[in-house]
Amino acid sequence: MSASEMNRRSFLRGGVGAAGGLAAFAAAVSPLKDYDPSELSIGKFLQKHYKEMTKEEMEAALKRIADDVERRFEVRPHLRDVKPMDGVEFAYALDIGRCIGCRKCVHACVVENNQSRSPEIQYIRVLEMPKGAIDVEKSNHYYDHEKVPAPDKSYMPVQCHQCANPPCCKVCPVEATWKEPDGIVVIDYDWCIGCRYCEAACPYWARRFNFAEPGIPKDEINPDMAYLSNRPRHKGVMEKCHFCLHRTREGRMPACLEVCPVGARKFGNVLDPDSEVHHILKTKRIFILKKDVGTLPRFFYYFDDGYGDSRKGTGR
Amino acid sequence: MSSLNPSPRTTRPSPAVARGRFTWFLGPGFFLLAAWFLFGPDLAQVPIPERLEVTSNRISIKPLRGIVGEPPTIEIGGYRKTCMECHRIFLSDPPKTHDLKQHTHIRLDHGPLESCVDCHDLKDRDRLLTKEKEKIPFTRSSYLCAKCHERIGEDWKVGAHGKTQKAWDPKDPRMRRFECAECHNPHRPVEPAMQPFIPLPGPNTLRMTKPHGTPEGNHEVEILDPLEKALLIGEEKAGHGAAHDAGKPREGEPHPGKGEGR
């Protein structure tokens, strides 16, 4: 073998190596093709953690986010940062016997909270199971009957339980999700890194991940938004039910409750002895889903055990 | 090797020569690959299922029924009339259930109640009448219901039966509690609150298969636990059908075909 041949060969090798490296680099950076440079802003990059932002910094963040929403969806949102109310701790109660599985709550929630329509993200999952015992193992949430309730079935909507001892918050490596004083577990979508530890930690399958850029038709955006609740998310962050905090912290009812045709959903301040939930927790038979995992949920199921003796006055 | 090089040539090149020829294309090949990664089609497309439309009227927050206001009026032949406009004249006396010539949409089917006067004041049709002969306006009809349905009435007052909208704080003036008649037809109370609904679509994530079930859509959940399966099949040996057949027996429930010796 001659020296010139050697050189030619090593040159070829080097060239091939360089081209291979280039290809590998191109493959690595190709996702940047999809990156919309207008999303990248110094403001977002320098933004502090929610709890550390001053009022002015929050104002600036809100303006930046509102601009982003306007650019994406061509509507100027009514975006604000709603704080918890003093002396209020929320609780949710759901009458399992009454729920008929119509899924109105699921879709009202999607519309209210600007959830992605495609790919589909839904916070509420309505489990259908054989009547009698609550057996999540035997449940199915893809049921599709002509009419509900189907005979011999009972229904159990599951959404974030806003646990008082939330495992999801403990596993978050960047503290992007935490429990607020009114009991709502929130997520800062600007702080979330999308590692999905929280999703794995949640025993109620309540957290959803944006695998792709959320798809929401422009004319279906709900402009009534808050920083910690239903402002539109981007690809790569977690989201979940937040008890409609932009509504409930202003005294209104969550969207899933407003739409329930049978009145199975009850919401209110547990600290107020006149509230519906207080009354229900005191007087009804309560069921806590996965009680033994010790998450201390704020979402309760209850049974309205027959009103058999209620029809007095007619001799019956 | 032969499978990689299917050319029908008689003299096959030696492996060393083949490698040499192949190397020649590597450089430009990688260049093309790099260009394709950068400018070619998007590889990492997330498969996205079709969107299921849900029209806004199906998630309306309106009550199931509209109710009579104050003064109570009904529409007859295109005219709004108060009850007394007619009933000043029509003073039908005997409280009885017969085929009505007016209000033909009303067919009383309310437990054991047999007469309109269980609830209506025959003389003053603009008012309802409790069994204690207490006159109450139509706007407070729930109070009438609560006279007989005491426990539900109590629950309703604190919000445990029925539905509260607009505000969760009982002191909030925006709070609105549905009247019984907004969910139950007072004349046929099983309607419409207890009528079946057409469900809205379920999750449409990309699934490998549709859930198991019969054509009527009565999906049974497939039993996954091999132990449970084995026990069930043992039980059904004399019977018929696989363990995940729709209509299979559930623990503690009577088997429809059992005991017939089939």
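Residues numbered from 1 in each chain as written. Chains lettered and ligands numbered in written order. Predicted model: local features only at pLDDT ≥ 70, side-chain atom pairs only at ≥ 80, totals over all residues. Heavy atoms only, no water.

Asker: What should I look at first to understand the overall build of chain B in this one?
Answerer: Looking only at helices and strands, chain B has five helices and six strands in total. Counting from the amino terminus, helix and strand elements in chain B follow one another as α-β-β-α-β-β-α-α-β-β-α. Counting over 262 residues, chain B shows a buried share of 26%. For chain B, the exposed area adds up to about 18,200 Å²; of that, 60% sits on carbon and sulfur atoms. (Helix = DSSP H or I, 4+ residues; strand = E, 2+ residues; numbered from the N terminus. Buried < 20%, exposed > 50% of the residue type's maximum accessible area, 1.4 Å probe, protein only. Areas by Shrake-Rupley, 256 points an atom, 1.4 Å probe, with all protein chains shown as cover.)

Asker: How do you make sense of unusual backbone geometry when you look at a structure like this?
Answerer: Glycine aside, the phi torsion of most residues is negative, and most peptide linkages are trans. Residue and element names in this part refer to chain A. Backbone torsion omega between Ser118 and Pro119 reads 0°, so that peptide bond is classified as cis. Mapped onto the fold, Pro119 is located in the loop between helix 4 (104–112) and strand 3 (125–130). The omega torsion of the bond from Val148 to Pro149 falls at -5°, within 30 degrees of zero and hence cis. Phi is positive for Trp205, which is not a glycine, with a value near 50°.

Asker: Where do I start with the packing of helix 3 (residues 141–148) of chain B against helix 4 (residues 150–158) of chain B in this structure?
Answerer: Angle between the axes and distance between the axes: these two values describe a pair of packed helices. Residue and element names in this part refer to chain B. Between helix 3 and helix 4, the least distance of the axes is 5 Å, while the angle of their chain directions is 135°. In this view, helix 3 runs oblique relative to helix 4, as classed from their interaxial angle. Two secondary-structure elements touch here, helix 3 through Ser142, Ala146, Lys147 and Cys148 and helix 4 through Glu150, Gly153 and Trp156. Residue composition of the contact of helix 3 with helix 4, grouped by class: three nonpolar, two polar and two charged. (Axes fitted to C-alpha atoms, helices over the stretch in contact; angles between N-to-C directions. Parallel < 35°, antiparallel > 145°, perpendicular 65-115°, else oblique. Contact = heavy atoms within 4.5 Å. Nonpolar A, V, L, I, M, F, W, Y, C, P; charged D, E, K, R; others polar.)

Asker: How should the pairing of strand 12 (residues 299–303) of chain A be read in this particular structure?
Answerer: On a regular strand, one side chain projects to one face of the sheet and the next to the other, so that they alternate. Residues and elements named next belong to chain A. Of all five residues that make up strand 12, five are buried, and the element is covered over most of its length. Burial along strand 12 is two-sided: the face carrying Phe299, Tyr301 and Phe303 and the face carrying Phe300 and Tyr302 are both buried. With four bridges joining them, strand 2 (residues 90–95) and strand 12 adopt parallel strand pairing. For Tyr92, the partnering residue across the bridge sits in strand 12 and is Phe299. Of the pairings in the sheet, the one linking strand 11 (residues 285–287) to strand 12 comprises three bridges and is antiparallel in character. The residue bridging Phe287 from the neighbouring strand is Tyr301, located in strand 12. (Pairing = 2+ DSSP bridges.)

Asker: What is the right way to read the pattern of salt bridges from this model?
Answerer: A side chain of one charge can pair with a side chain of the opposite charge when the charged atoms of the two come close. All names here are of chain A. Counted by the stated rule, this structure contains 44 salt bridges over all chains. Glu258 is the salt-bridge partner of Arg247, the closest N and O atoms lying 3.8 Å from each other. Of this pair, Arg247 sits in helix 7 (residues 245–248) while Glu258 sits in helix 8 (residues 255–259); the two residues are 11 residues apart in sequence, bridging distant segments of the chain. Considered together, Arg247 and Glu258 belong to a single accessibility category, that of buried residues. Residue Glu250 is joined to Arg252 by a salt bridge in which the shortest nitrogen-to-oxygen separation is 3.6 Å. (Salt bridge = Lys/Arg side-chain N within 4 Å of Asp/Glu carboxyl O.)

Asker: Would you explain the interface of chain A and chain B in this entry?
Answerer: Accessible area lost upon the coming together of the parts is a frequently used measure of interface size. The interface is formed by 83 residues belonging to chain A together with 71 residues belonging to chain B. Taken over both partners, the interface formed by chain A and chain B buries close to 6,300 Å², and the fraction arising from carbon and sulfur atoms is 58%. Taken together, the connections running from chain A to chain B amount to three salt bridges. For the salt bridge of Lys171 of chain B with Asp272 of chain A, the shortest nitrogen-to-oxygen distance reads 3.6 Å. Across the chain A-chain B interface, the total number found is 19 residue pairs in polar contact (both at pLDDT 80 or more). Listing elements by their share of the side of chain A that touches chain B, those giving two or more residues are helix 1 (3–29), helix 4, strand 3, helix 8, strand 10 (265–269) and helix 9 (276–283) of chain A. With nine residues, the single largest contributor to the side of chain A that touches chain B is helix 1 of chain A. (Buried area = accessible area lost by both parts, 1.4 Å probe. Polar contact = N/O pair within 3.5 Å; in protein donor to acceptor, adjacent residues only side chain to side chain.)

Asker: Explanation requested: empty space enclosed by the protein in the structure shown.
Answerer: Where empty space is left in the structure can be found by rolling a water-sized probe over the atoms. Residue and element names in this part refer to chain A. Tallied over the full model, the rule gives five cavities of 30 Å³ or more. If you add up the space inside the largest cavity, you get close to 110 Å³. Around the largest cavity sit 14 residues that line it, and Cys99, Cys102, Cys105, Cys260 and Arg265 are the ones nearest its centre. Among the residues forming the lining of the largest cavity, the class breakdown is 10 nonpolar, one polar and three charged. (1 Å grid on protein atoms, 1.4 Å probe; cavity = no way out; pocket = protein on both sides within 12 Å on 5 of 7 lines; lining within 4 Å. Points joined across faces, edges and corners; volume = space filled by probe spheres on them.)

Asker: Any chance you could explain the domain arrangement of chain A here in plain terms?
Answerer: Residue and element names in this part refer to chain A. Domain annotation for chain A reports domain 1 (8–80) and domain 2 (87–316). With centres defined by C-alpha atoms, the gap from domain 1 to domain 2 works out at 33 Å. Approximately 2,000 Å² of surface area, both sides summed, lies buried where domain 1 meets domain 2, with 57% of it carried by carbon and sulfur atoms. Its salt-bridge partner being Glu250, residue Arg80 comes within 3.0 Å of it at the nearest N-O pair. Summed over the shared surface of domain 1 and domain 2, the number is 16 residue pairs in polar contact (both at pLDDT 80 or more). (Domains from an automatic or database assignment.)

Asker: Please clarify how the packing of aromatic side chains should be interpreted in this entry.
Answerer: The geometry of an aromatic ring pair comes down to the distance between the two centres and the angle between the two planes. Here the structure, examined in full by the defined rule, presents 12 aromatic pairs over all chains. Between Tyr92 of chain A and Phe299 of chain A, the ring centres sit 4.9 Å apart and the planes meet at 20°, which makes this aromatic pair stacked. Pair noted here: Tyr92 of chain A is in strand 2 and Phe299 of chain A is in strand 12, with a separation of 207 residues, a long-range link. Residue classification places Tyr92 of chain A among the buried residues on the basis of a relative accessible area of 0%. Between Phe243 of chain A and Phe267 of chain A, the ring centres sit 5.4 Å apart and the planes meet at 90°, which makes this aromatic pair edge-to-face. Of this pair, Phe243 of chain A sits in the loop between strand 9 (238–239) and helix 7 while Phe267 of chain A sits in strand 10, and the two are 24 residues apart along the sequence. In this structure Phe267 of chain A comes out as buried when scored by relative accessible area, which is 0%. Of the aromatic side chains, those joined through ring pairs into one cluster are Phe90, Tyr92, Phe243, Phe267, Phe287, Phe299 and Tyr301 of chain A together with Trp168 of chain B. (Phe/Tyr/Trp six-rings, centres within 6.5 Å; stacked < 30°, edge-to-face > 60°.)

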